Amino acid sequence: MASVEEDFPRGGEVKKTAESKATVERIKVDNLFQSDEQTATKKRKGAKDDKKLKKQKAEQKEGGLTLNAAARTVEILHLKNVREGMLFLGCVKEVTDFEVTVGLPCGLQGFLSIRNICDSYTKLLSQQLDSDVDTEEFCSLSQIFSPGMLLRCAVCKLDITKGGSLSIQLSVNPKLVNKSLTSSSLTAGMVLSGCVESVEDHGTLIDIGVGGTKAFLPEDATRSKEHKSDELKVGQYVTCRVEEVKSGGRVVWLSSDPAAVAQASANAKQGWNLSNLAPGLAVKATVKKVTKHGLLLDFLSSFSGQVDFLHMEPGQESSYTEGLQVRARVLYVEPSSRLIGLSLRGHLLQPGSDVSPASPDGDRVGEVVRGCRVTALHHMSGAVVELPDKSRAFAHRNHLKEPSDPANDNKVSAAPELACRILDFSPMEQIYFVSLRKSVIDQQFFRYQDIHTGQVVEGTVSVLLSHGMVVHLSEHVKGLVPRTHLSDIILKNPEKKYVEGMRVKCRVLSVDADNRKLCLTRKKAIVESTLPLFLSYDDARPGRLSHGYIVCVRDFGCIVRFYNNVKGLVPLTELSSEAITRPEDVFYVGQVLKAKVLQCEPEKEKMLLSFKAVAEGDTEERAGPQIDCDVGTRLEARVVKKSNSGLEVVLLPDEVRAALPTMHLSDHTSNCQLLWESLQEGDTISNLVCFNKNKLNIMITKKPRVRWSLEEGALAKDFSEISVGMQLIGWIKNIMSYGVFVEFPYGLVGLAPKSAMSDKFVADTTAAFALGQTVIARVTNLDEEKRRFLVTLKMSEVITPSGDAQTGLLNGLQERRAVKEMLAARGDGELRQQLGALVVGQKLKLTVDSVTESGAKLKSDDLPGAAILADKHHVTGVNLTPGQKVSAVILNVDILSTCVHVSLLPKLLGKKKSLNEGADCSAVVQFVDQDFAVVSLSDAAQLTLIETRPHLNDVILSQSERLKVGMTLTVEVVAPSCEQLEGLPLVLWTGNAPRRRRTPSESQTDSSGHRFGEIVQGKVRSVKPTCIQVALEDGSVGSVHVSQVVEPAEVRLGSFPTSTARVGSTVKARVIGGREATSHRFLPFSHPKFKYTIPELTLIPSHLETDADFKPVTAKDRLASYKVGDEITCFVSKFKSDKKCLEVTTDPCVTGTVDLLSMITDPKDANHPEKLYKLGQAVRAKVVEASVQPRRFVLSLTGVHKLEKGGITLGMVTSVQPQVGLQVKLPFGNAGTVSVTDLADSYRPNPLETFSKDQFIRCCLLDVENGKWHLSLRPSRLNPQKTRSPKDPEVLSLDQLQPGQIVRGYVKSVCEQGVFIRLSRGITGRAQLQQSSKYFVTNHKIFSNHLPVNALLTTKILRVDREDELVDLSLLPADTGKPDVLPESLGLPPRLVGDEKKRDGKKAKKRSLSESKQKETEPQIPKKKKKKKKSKTDGEDSGVEVYFREEEEEEEEVKHDSVKVVPGSAGPSRLQVAAGFSWDVGLNSLKPTLEAKDGDSSDGEEQDGNDKPQKKSRHGLEQEKKSAEKALAQREAELMDPNLRPQDAGAFERLLLASPNSSLLWLQYMAHHLQATEIEQARAVAERALKTISFREEQEKLNVWVALLNLENMYGTEESLKKVFERAVQFCEPMPVYQQLADIYAKSDKTKEAEGLYKKMVKRFRDNKAVWLSYGSFLLQQGQGDAASALLQRALNSLPPKESVDVITKFAQLEFRFGDAEKGRNMFDKVLTTYPKRTDLWSVFIDLMVKHGSQKEVRALFDRVIHLSVSVKKIKFFFKRYLEYEKKHGTPQSVQAVKEKAMEFVEAKGKDVAN
């Protein structure tokens, strides 16, 4: 009590002395603010070093008196640094009915509520609300605030929005803004802000927030001459200058001339101090320091302030020098940190009160600007960006990158050009704020202005409300789907259809960009409507139809609304053709219907609609102009409108409307699009025919084949006319997975099932036919009842009309010619007319423009502007140089794209040969279009065209079936010259005609056969990429391998040798082998006298010479001739997709393989390597391996055949192993590993998370050891020239490491010897446990739990022992400058210091010495290259972790019993029981099994060295008897001891008989089985326990259930765990079981399962507070702070209101422990603001702040607490705590200050009692 009396003296004479002393001390403190405070940037920059503080104090003493210390670095003000009570100068951006948006410095934004203007305005507002009549005095916010107005405001509250971001709530109430001003401190010349309190006769009373002072603004001083007419209104904000102070500050006279106010400067004589310094003051300042990011200024003789780069005058940055006198304006004042921001910008300093609230270039917010560049980078603030128009913009540091990406300033500054999106315009800086985030730039809807009414949009369901559903279209834009618009019908339970996060398609009904309101609809009929949209009354012209929805049903009719509140009335008579008396019985609100406009008056916004006319109106309209247009009638029409689906036309001459779908313009699908493009509104089309008509539409077609069938009558007019076997011409209407629907004239539709679509097997119906394709169909089945029929499209089952192929070709080409004529005649340009005159086969004189790998680009003086191209096939063998004059022949002319395809091949430019009519000749494909191909005939210069599909129903299912350039075909000459083809020959190609049956003579092979070396002659039958089929003279067929076509020396890379052969040409060949006719097995060349049934031939000219030395070579000899490293030419044979390898052949008998990694050099090609190589292509390969026995021939196409040290190669990740790194498969059968330290130049947490199995990577080959490569993925290794010096360089040897050096590394393992950290692939350092944490840790497992394998740590090197290759490290925060590796929340005691530490050290040393004797095999410190040895029991790890208490740890370590196992970092998780009990409950007294020992036996053995039996004395016998009795008693005691753990099943059973209800015994029994990996026995024990334990022992049963859940989680399956859980919930109280399983999931890192379970829990136990808190704790431990905030809101909604305070404070405590301490502080602040008398919460808050907060924050909190209006007893308690805190953490001065505050409190209370 003595100390208490001394700390808080009471009464008597001491009181007077204390009072006088306190007064003196306060004066000192008032003059020296900085004495007990830290620097202004302490909170912001974390400067907590006492030495720096002393240095700053010394500097301040030398430099003179300043009220606040200067900031060390200048940066812009960030949102996180804004505090309540902070003062700002702001600019009004936007004024709404209830809120003013204020632009604050540095791009911040605040909101001024209508309640935070001033007291008089609030009072007037209350009166206005209470009375029904409008009072004249009351003015809306828009009348007293205007955009651009500058305001002095204070932060009154920091709100957290639903999204988790901070919202700044402002106040201009003078009592807050000027709260530090007193009547005595007011002096003339001061510039103050205030609000009009009342308007008097000769002026106005101004509320300036100073108690006891009346401020009067005379009428003549209200405005300048120009603004004399303006009248002030109650609540209006004004900035005034104090002209005169009377009666000791009780009366103040003001003036408010804007010019005078703007020019007034604050000076030291006005008595400004740090507590009352106001924003907006103009001051004269001196530049103290110039930094890269801004200026430090001194002003008013004793203040320091900062000017960030945004508030330096643009273009004058270089003119600011130290000592320069400048005029500045105060922008913001942060009272707690004493930070003052100033501005030097002219628009804030010049006379006049307003600034421009918007950019002078107009509103560009939301615009995406490209071609920007970074002009300055400020790493703590952001980047200054220059837009293309040379204007400046600023990107905040948070908007330089995506939130998930690591910060990379170099990437931003190095980019030559950037794209950005303008986010906002800051009026305070007069600069745009932009974002460089790709996610922001790519947003479709950034502002409400980006959305248009009627637009179909897609969004995400955010929340379901009672009145509708909120849908987010983007982060900033959300809309409401009203409840009636959630579906076409009214949904009773919309939550069953819509869930949060669901993607939905909506249509915009209305958008109000100014008020940020968006209305959407989900009604399918409206969303998918194709009818015109009524966006305004002008759109609703009489006769138009549109979809609308009923909003009101009355007796007189229905009101229908469309878009943008356009609505009309459907009167009773127009509701239906039938009489309706009660519309509400037929219609309902929200119903969607088509309505027709009868009458509309846009001026009056009136519209008359009809439902009845929708059905009848079209019929009436069409009934007017009758025309004889029966189906089949030839017509002519004029185009009136083009749409995506086709053309709207009017039939001539009667102007009747009809529809011509795009797919009905031609039989050729490519021509349909071409004709649609070329036809324009007003064009006339002839040769049309009507194929169907109904009440609504007349459908016409231009398809020649359909027109022919209609005119010839080859059709059915009705279903009754259809018969099986009938053949019809139709078109594909719809394609389904099970077949295609074919439509015919008169609207008949038949189905062709998948099996009847083609003679080939059709897997994908969409690949077989195109929509609108003309087909011939034969009816196969009729269903009279359902009026349905089936058809077949198989070519083998339909009969093609004679001459159909020829007619189809001519019709298609005629359509193309008509398109040319149309485009040329339109006069769009001279070029199109010139292109229209060109024809296929015409020769041109051209100039080479450029030559590339893909071909050549040419130009012509006659065709300026046309793109003339020759692909690589058509320049083969022609040497071209730019500028060269060449001749070319035209292959194709595309007028639409003004492109001409030509060929420069000499053989196509030669003289044309004559053709014989009816003769067959070979044709080579030279150019392929979609429906037509250009071919050259008889290998000559004669060109013509053929169809790519020779039959209407031809199905091309694979790429190999399509025509390709260079392919050889056989065609029949119909006419050598055809006028319709502009003189070209008319030929017919039958395509893949059915294979004709061979004659008997062809079937029989010549008995003599063919011998090796025999020369034969034959005709080329077919040409394939890898072989040529030759029909020999004797009727047999031979094969020529791709390698046997041209001379090996003449084979060019990338060429296709077989393409040189022509079908039908006669060739001379030589037999080199053959195949068996039955098995097609290739026969080796070693049988030259064998007769071959299917001969293998060669066409190589050198082999055909009779005198050539032509000897057979066996496959073995050929293979043996290849040596590793040889480069050979081979040909692509096959790609095996299952094995991802390529087969190549060198000759007919040798096939080699190329694996994937030997095939590609770029990881991008790994997905589709087959695209790089075509069948039959010639490639160069290197031999990797060639062996005859076993037969292996492996090649490489990458140019290398072996791996070399230092080389770069491609690899594939085979596995990701935390202990090792990456296991990589390398080319040529090699393998390697990548250590975690070689993954990147800059280490990152979780280094392996970005890698996955089968991922392709580029790696550098470091070294090979035992046949395995060591690899590196470091960019400095892969691209040494392009990368900068690495942040974490490679540590190649111990010579690179020095004591004191700070390095980073990854945790390798944690054991009793310490934490082993991998510094490089070969070097591992060790941090002993005492060097790993500042806390005293008794068990290394605590480190194991918090330092997983590959955790990234910063370490300091303490010692490098190069002799023993040891590196000692430190992880202590004092050495590394990083936080401790163990969290403070564990509550561990700090490590001992001084004598205690020494004693403890000696004890530990003894222990380690005794330990080392017992473990001779284990080295104390592992060496660099030695692997960490496992303890001898590692292999027998049961997976059960039993923890013993501290007093037994020493014994346990020596014993090293198998129960205590060092958990391997990659081992299985341990079986633990959480919450209810632990496996170690009651085990503190357990001891390992004792062996019965005789204490004297060893002595006896030593004395009696001989083996002879001696007679024992009586004394000896007595001693022996006593020993036996003692051992027996000890054994009995052991058996009786309940705390001793049994060692076998029998012992357990005995104990269980005595204590059947003890869950601890049952769990030990389970652990006993698990130790022997007897999982099933452990399960059986658990089941026995559940049956045996009494039903009354609920907790004991729960313990067993939890153990069983643990067991299933570790050793069982998900299914078995689920079953146990379901049983446990049935037999136990459900909530604890749920909680225990959630804890199990969390501890075993099954985050997803835990989160899913918690979600179920908060639904099922929503009234249980503990569930919400447990879930919140889990989310915060997972780092999901935003989710925890959202959960708190849900908890508050679900729990009773009386629990709210407790829940919020508990969540706040969790934030302090696991989350954001700042957020926790804000939450406590809010609660205690509402409930200030809850001293229990204040006490908790103080404890948390002492633990987590800074000294300044703790002191500020104590100062708040001691001024609470609570009982004296409670205040005394807080004073005691305050004093204890200062004694422990403060200085003598701060202790004295607390005592003085206590005295002041006692005095004040005494005065109150006296009064």
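Residues numbered from 1 in each chain as written. Predicted model: local features only at pLDDT ≥ 70, side-chain atom pairs only at ≥ 80, totals over all residues. Heavy atoms only, no water.

Taken together, the side chains of Lys-1655, Lys-1659, Arg-1662 and Arg-1690 make up a positively charged region of the molecular surface. Among the structural elements, Arg-1690 can be located in helix H40 (residues 1681–1694). (Patch = residues over 30% accessible without salt bridge, like charges linked within 9 Å, V, L, I, M, F, W, Y side chains within 5 Å. Areas by Shrake-Rupley, 256 points an atom, 1.4 Å probe, with all protein chains shown as cover. Salt bridge = Lys/Arg side-chain N within 4 Å of Asp/Glu carboxyl O. Lys, Arg positive; Asp, Glu negative; His and termini not counted. Charge placed at Lys NZ, Arg CZ, Asp CG, Glu CD. Helix = DSSP H or I, 4+ residues; strand = E, 2+ residues; numbered from the N terminus.)

This part is about the pattern of salt bridges. Where side chains of opposite charge bring their charged atoms close, a pairing between them can arise. Under the defined criterion, the tally for this structure stands at 46 salt bridges. Of the charged contacts in the structure, one is a salt bridge between Asp-207 and Lys-175, with a shortest N-O distance of 3.5 Å. A residue pair is termed long-range when its members are at least 10 positions apart, and Asp-207 in strand E7 (residues 203–207) and Lys-175 in helix H7 (residues 174–177) qualify at 32 residues. A residue is classified by how much of its surface remains accessible, and Asp-207, at 7% relative accessible area, is buried. Here Arg-364 ties to Asp-389 by a salt bridge, and the two come within 3.0 Å at their closest N and O atoms. (Buried < 20%, exposed > 50% of the residue type's maximum accessible area, 1.4 Å probe, protein only.)

Time to look at the nonpolar core. In terms of nonpolar packing, the biggest core is built from 95 residues, with Phe-145 and Leu-297 touching the most fellow members. Not counting residues up to four positions away in its chain, the partners in contact with Leu-297 are Ala-285, Thr-286, Val-287, Lys-288, Phe-303, Ser-304, Gly-305, Val-307, Val-326, Ala-328, Leu-342 and Leu-344. One finds Met-1657, Val-1701, Leu-1728 and Leu-1737 within the second-largest nonpolar core, a separate group that totals 88 residues. (Core = buried A, V, L, I, M, F, W, Y, C linked by side-chain atoms within 4.5 Å. Contact = heavy atoms within 4.5 Å.)

Take the sheet that holds strand E62 (residues 1208–1217) next. Note: strands within a sheet are paired through backbone hydrogen bonds, in either parallel or antiparallel orientation. The five strands are arranged E62-E63-E64-E66-E65 in a closed barrel whose pairing can be described as mixed. Strand-to-strand twist of the sheet, defined as the mean angle between neighbouring strand axes without regard to direction, takes the value 50°. (Pairing = 2+ DSSP bridges. Axes fitted to C-alpha atoms, helices over the stretch in contact; angles between N-to-C directions.)

Bringing the packing of aromatic side chains into the picture now. Going through the model one piece at a time under the given rule, you end up with 26 aromatic pairs. Seen from their ring centres, Tyr-1654 and Phe-1674 are 5.2 Å apart, and the 35° between their planes marks the pair as tilted. Of the two residues, Tyr-1654 is situated in helix H38 (residues 1647–1660) and Phe-1674 in helix H39 (residues 1665–1677); the sequence distance between them amounts to 20 residues. Residue Tyr-1654 is classed as buried on the basis of its relative accessible area of 3%. Residues Phe-1758 and Tyr-1781 carry aromatic rings whose centres are separated by 5.8 Å and whose planes lie at 40° to one another, so their mutual orientation is tilted. With Phe-1758 in helix H44 (residues 1751–1761) and Tyr-1781 in helix H45 (residues 1768–1785), this pair connects stretches of sequence that are 23 residues apart. A residue is classified by how much of its surface remains accessible, and Phe-1758, at 1% relative accessible area, is buried. Every member of this aromatic cluster is reached through a ring pair, and the members are Phe-309, Phe-394 and Phe-433. Between Lys-642 and the ring centre of Trp-676, over which it is positioned, the NZ or CZ distance is 4.2 Å. (Phe/Tyr/Trp six-rings, centres within 6.5 Å; stacked < 30°, edge-to-face > 60°. Lys NZ or Arg CZ within 6 Å of the ring centre and 35° of its normal.)

Our next topic: the environment of Lys-1752. Within the secondary structure, Lys-1752 is located in helix H44. For Lys-1752 and Ser-337, which are 1415 residues apart along the polypeptide, the C-alpha to C-alpha distance reads 9.0 Å.

This part takes up the sheet that holds strand E41 (residues 843–852). Strand order in the closed barrel made by the five strands is E41-E42-E43-E45-E44, with mixed pairing throughout. Averaged over neighbouring strand pairs, the angle between their axes works out to 50° when direction is ignored. Pairing geometry for E41 and strand E42 (residues 855–859), over five bridges, is antiparallel. Directly across from Val-851, in E42, lies its bridge partner Ala-856.

On to the packing of H40 against helix H41 (residues 1700–1714). It is the contact of H40 with H41, at a shortest axis distance of 10 Å, that shows an interaxial angle of 170°. Taken together, H40 and H41 sit at an angle that is classed as roughly antiparallel. Every residue of H41 that contacts H40 at Gly-1681, Ala-1684, Leu-1687, Leu-1688, Ala-1691 and Leu-1692 is listed here: Ser-1700, Val-1703, Ile-1704, Phe-1707 and Glu-1711. Its residues assigned to classes, the contact of H40 with H41 shows eight nonpolar, two polar and one charged. (Parallel < 35°, antiparallel > 145°, perpendicular 65-115°, else oblique. Nonpolar A, V, L, I, M, F, W, Y, C, P; charged D, E, K, R; others polar.)

Now for the pairing of strand E61 (residues 1192–1196). When you tally the buried positions in E61, you get four out of five residues, the bulk of the element. Pairing of strand E60 (residues 1178–1187) with E61, which is carried by five bridges, proceeds in the antiparallel orientation. Its bridge partner being in E61, Glu-1185 is matched across the sheet by Val-1194. Counting the residues in the hairpin turn of E60 and E61 gives four residues.

By the definition in use, this model includes zero disulfides. Free of any disulfide, Cys-558 has its nearest neighbouring cysteine sulfur in Cys-552, separated by 8.2 Å. Cys-558 gets classed as buried once you look at its relative accessible area, which sits at 0%. In this model Cys-1259 remains outside any disulfide bridge; the closest cysteine sulfur is found in Cys-1260, 8.4 Å from its own. (Disulfide = S-S within 2.5 Å.)

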